Amino acid sequence: MIAERHFSDNYGAALDDLSHKVASIELVPYHSKSSPELYNLASADAARQFVKSRSKDQTIIVMRSVKAWDLPDQANIVKYQPGEARGVSLPTDSQGGKAILKVYDTVLNGRQAV
């Protein structure tokens, strides 16, 4: 959809642009069966603080472990519900997909990005 709307259907150009605008931050990038103590690691705290320090004009999409992120409820933060987190992805009709499209549509305001 981003490629269609803003990059003259050039999927590669859309991916390239998106890769410069999106960061994926994992709270606990370790595979474990529900180990709450992992959320207290220094690396998890650093990830949490980094995300909390983002400007309110930046969109944050929390797809897993929403409670562990301990983020406030505010307009720029999209929080997936537990049922949405299974096999989570970002199709255009998902909360996160809609948020990404909204940013592109708002920032580019209908202009072509390429």
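Remember, it's a predicted structure, so these values are computed and weren't measured experimentally.

### Regarding the packing of aromatic side chains
Within a pair of aromatic rings, the relevant descriptors are the distance that separates the centres and the angle that separates the planes. All chains considered together, the criterion is met by one aromatic pair. Seen in terms of ring centroids, phenylalanine 7 and tyrosine 104 are 6.4 Å apart; in terms of plane orientation they differ by 65°. Their pairing is edge-to-face. Placement of the pair is phenylalanine 7 in the loop between helix 1 (2-6) and helix 2 (11-19) and tyrosine 104 in helix 5 (residues 95-108), with a sequence separation of 97 residues. We note arginine 54 situated over the ring of phenylalanine 50; from NZ or CZ to the ring centre the distance is 4.1 Å.

### Digging into the side chain of histidine 6
Tracing the sequence through the fold places histidine 6 in helix 1. Its relative accessible area of 3% is what places histidine 6 among the buried residues. Of the polar contacts made by the side chain of histidine 6, one reaches the side chain of aspartate 105; its length is 2.8 Å.

### Observations regarding the pattern of salt bridges
Summed over the entire model, instances satisfying the criterion amount to five salt bridges. Between aspartate 105 and arginine 5 there is a salt bridge, with the nearest N and O atoms lying 2.4 Å from each other. Placement of the pair is aspartate 105 in helix 5 and arginine 5 in helix 1, with a sequence separation of 100 residues. Here aspartate 105 falls in the partly exposed class, since its relative accessible area comes to 29%. Judged by relative accessible area, which is 35%, arginine 5 ranks as partly exposed. For the salt bridge of lysine 21 with aspartate 17, the shortest nitrogen-to-oxygen distance reads 2.8 Å. Owing to a relative accessible area of 18%, aspartate 17 belongs among the buried residues under this scheme.

Parameters and conventions
Residues numbered from 1 in each chain as written. Predicted model: local features only at pLDDT ≥ 70, side-chain atom pairs only at ≥ 80, totals over all residues. Heavy atoms only, no water. Phe/Tyr/Trp six-rings, centres within 6.5 Å; stacked < 30°, edge-to-face > 60°. Helix = DSSP H or I, 4+ residues; strand = E, 2+ residues; numbered from the N terminus. Lys NZ or Arg CZ within 6 Å of the ring centre and 35° of its normal. Buried < 20%, exposed > 50% of the residue type's maximum accessible area, 1.4 Å probe, protein only. Polar contact = N/O pair within 3.5 Å; in protein donor to acceptor, adjacent residues only side chain to side chain. Salt bridge = Lys/Arg side-chain N within 4 Å of Asp/Glu carboxyl O.

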